[in-house]
Amino acid sequence: METIIIIIFLAGYLAITLEHNLKIDKLIPALAMMAILWAIIALAHLDVFEVNARLKELEPTHIDEILLHHLGKTAEILVFLLGAMTIVEIIDYFDGFATIKGYIKTRSKRKLLWIFSILAFILSAIIDNLTATIVLITILQKVIKDRETRLWFAGLIIINANAGGAWSPIGDVTTTMLWIAGKVEAGSLVLHVLLPSIVCMIVPTLVASRFKAFRGQVDIEEKQEGSKSKYGSTMLYLGLGAIVFVPFFKTITHLPPYVGMMLSLAVVATFAEIYSNAKFSISSAMDEDHHEASHHSPVHSALTKIELPSILFFLGILLAVAALESLGILFNYAESLNEAIPQRDIVVMLLGVGSAVIDNVPLVAASMGMFSEGPDHPLWHFIAYSAGTGGSMLIIGSAAGVVAMGMEKIDFFWYLKKIAWLAFIGFVAGGIVFIALRDFVL
């Protein structure tokens, strides 16, 4: 029966990987796979276990208890992501990200490369790598008119956004998963992964800055467009500050991160409603006949734009992996893997390379069930780095790459030929720095 379960999981995994070829949204196989796996476990009355990390062994439990346990852990991640997505959409409602474009004054392609690279690295650590990529490519399209030049910039944005997301507990879904699961602490994650991530950003950017594509100047419109709302800048800084506040809230209160994110959302939403009402009051004074029609809640508007398909995908894939974990399959596989490849660093680096081919979310979810190391173990920091940055080696290997591919119509093989090797040398350089810091410094 376990063989059937593994076959179903691999079939669903393959369908997720071939999402673009099959023209089927990846949330469909993820949800179907999750439901079928748990149905088989229930109907076949298979024994389910919970991993005792302290004793490094499996302990029997009941299916309803273990399913509720996994649902609770998954819900923590999903509620956290919903809050973060809503805050980002509220910022966008006030056109807050247009403020960033106002800081770009230079015409030098090389300077622009470093500006966009640093912005991608920092923004992705705050608003996650996917959103940072969307924001920066939107700005890029307004700043650089030549498409061929934009493709090169987009490629470096992908690499640097993924590098920036790897060292922050709120910068990538995988690091958020590890953080919420208690595998890493925010402070130690930054301490261990920040420098390797910086190296992962600097090395490809430094090499690319010597390319012909980044020589010369670009034509930038003299008239810089500001935010369409006078509250844009305020909401940008308030929203980013509210998201950054969450790790501090967790450290102080020891409450789960989603509680702090809900508090941040409440604060941002309050100011959004106040500013929206102030704007409405001015407009209604001029035209009282459109009292209800002209007022739209920024919170309601933001909620209609959040990525619900992504939320459902995470629900399906995390509970599907939880099914394998509950049967003890992942635990037994980890034992076999440790015997075959005793060197953990090689295993984790291979995990990073694998994240370029298949989605890093199920890979990290699987690793959380495979390894039983305690909280804040260097293994989890290395997994956060590898899974976060390894996906840059293929354009379909990360959410940032996929969204950039759609926005700029980047060809898969163009990226493979021009950008993949840059991502690879950055990934390896950062990995070497991580190992050196772990073994000789920290």
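I will try to describe carefully the structure that is included in this document. (Residues numbered from 1 in each chain as written. Predicted model: local features only at pLDDT ≥ 70, side-chain atom pairs only at ≥ 80, totals over all residues. Heavy atoms only, no water.)

Focus: the environment of Asp47
Line of reasoning, step 1. Relative to the assigned elements, Asp47 resides in the loop between α3 (27-43) and β1 (48-52).
Line of reasoning, step 2. For Asp47 and His62, which are 15 residues apart along the polypeptide, the C-alpha to C-alpha distance reads 8.0 Å.
Line of reasoning, step 3. Ignoring sequence-local partners within four residues, the contact set of Asp47 consists of Ser326 and Leu327. (Helix = DSSP H or I, 4+ residues; strand = E, 2+ residues; numbered from the N terminus. Contact = heavy atoms within 4.5 Å.)

Points about the environment of Ile180
Line of reasoning, step 1. Along the chain, Ile180 falls in helix α9 (residues 173-180).
Line of reasoning, step 2. Ile180 sits 106 residues away from Thr74 along the chain, and the two C-alpha atoms are 9.4 Å apart.
Line of reasoning, step 3. Look past the residues within four positions of Ile180 in its chain and what remains in contact with it is Glu76, Ile77, Phe80 and Pro257.

What about the side chain of Thr61?
Line of reasoning, step 1. Secondary-structure assignment places Thr61 in strand β2 (residues 57-61).
Line of reasoning, step 2. Engagement of the side chain of Thr61 in a polar contact is seen with the side chain of Glu65, the distance being 3.3 Å.
Line of reasoning, step 3. Once residues lying within four places of it in the same chain are set aside, the contact partners of Thr61 are Val48, Phe49, Glu50 and Ile66. (Polar contact = N/O pair within 3.5 Å; in protein donor to acceptor, adjacent residues only side chain to side chain.)

Here's the deal with the environment of Glu185
Line of reasoning, step 1. Considering the arrangement of structural elements, one finds Glu185 in the loop between α9 and α10 (186-208).
Line of reasoning, step 2. For Glu185, a relative accessible area of 38% corresponds to the partly exposed category.
Line of reasoning, step 3. Placed 183 residues apart in sequence, Glu185 and Met368 show a C-alpha to C-alpha distance of 15 Å. (Buried < 20%, exposed > 50% of the residue type's maximum accessible area, 1.4 Å probe, protein only.)

Overview of the nonpolar core
Line of reasoning, step 1. Membership of the largest hydrophobic core comes to 137 residues, with the highest contact counts inside it found for Ile90, Phe116, Ile127, Met177 and Ile383.
Line of reasoning, step 2. Here the element with the most residues in this core is helix α14 (residues 308-326); it accounts for 12 residues. (Core = buried A, V, L, I, M, F, W, Y, C linked by side-chain atoms within 4.5 Å.)

Notes on the pattern of salt bridges
Line of reasoning, step 1. For the coordinates displayed, the defined rule picks out five salt bridges.
Line of reasoning, step 2. With a shortest N-O distance of 2.8 Å, Arg438 and Asp439 are connected by a salt bridge.
Line of reasoning, step 3. Residue Asp439 is classed as partly exposed on the basis of its relative accessible area of 44%.
Line of reasoning, step 4. One continuous salt-bridge network, built from bridges that share partners, spans Asp345, Arg438 and Asp439. (Salt bridge = Lys/Arg side-chain N within 4 Å of Asp/Glu carboxyl O.)

Looking at a positive patch on the surface
Line of reasoning, step 1. There is a patch of like positive charges on the surface, built from Arg110, Arg210, Lys212 and Arg215.
Line of reasoning, step 2. Relative to the assigned elements, Arg215 resides in the loop between α10 and α11 (232-253). (Patch = residues over 30% accessible without salt bridge, like charges linked within 9 Å, V, L, I, M, F, W, Y side chains within 5 Å. Areas by Shrake-Rupley, 256 points an atom, 1.4 Å probe, with all protein chains shown as cover. Lys, Arg positive; Asp, Glu negative; His and termini not counted. Charge placed at Lys NZ, Arg CZ, Asp CG, Glu CD.)

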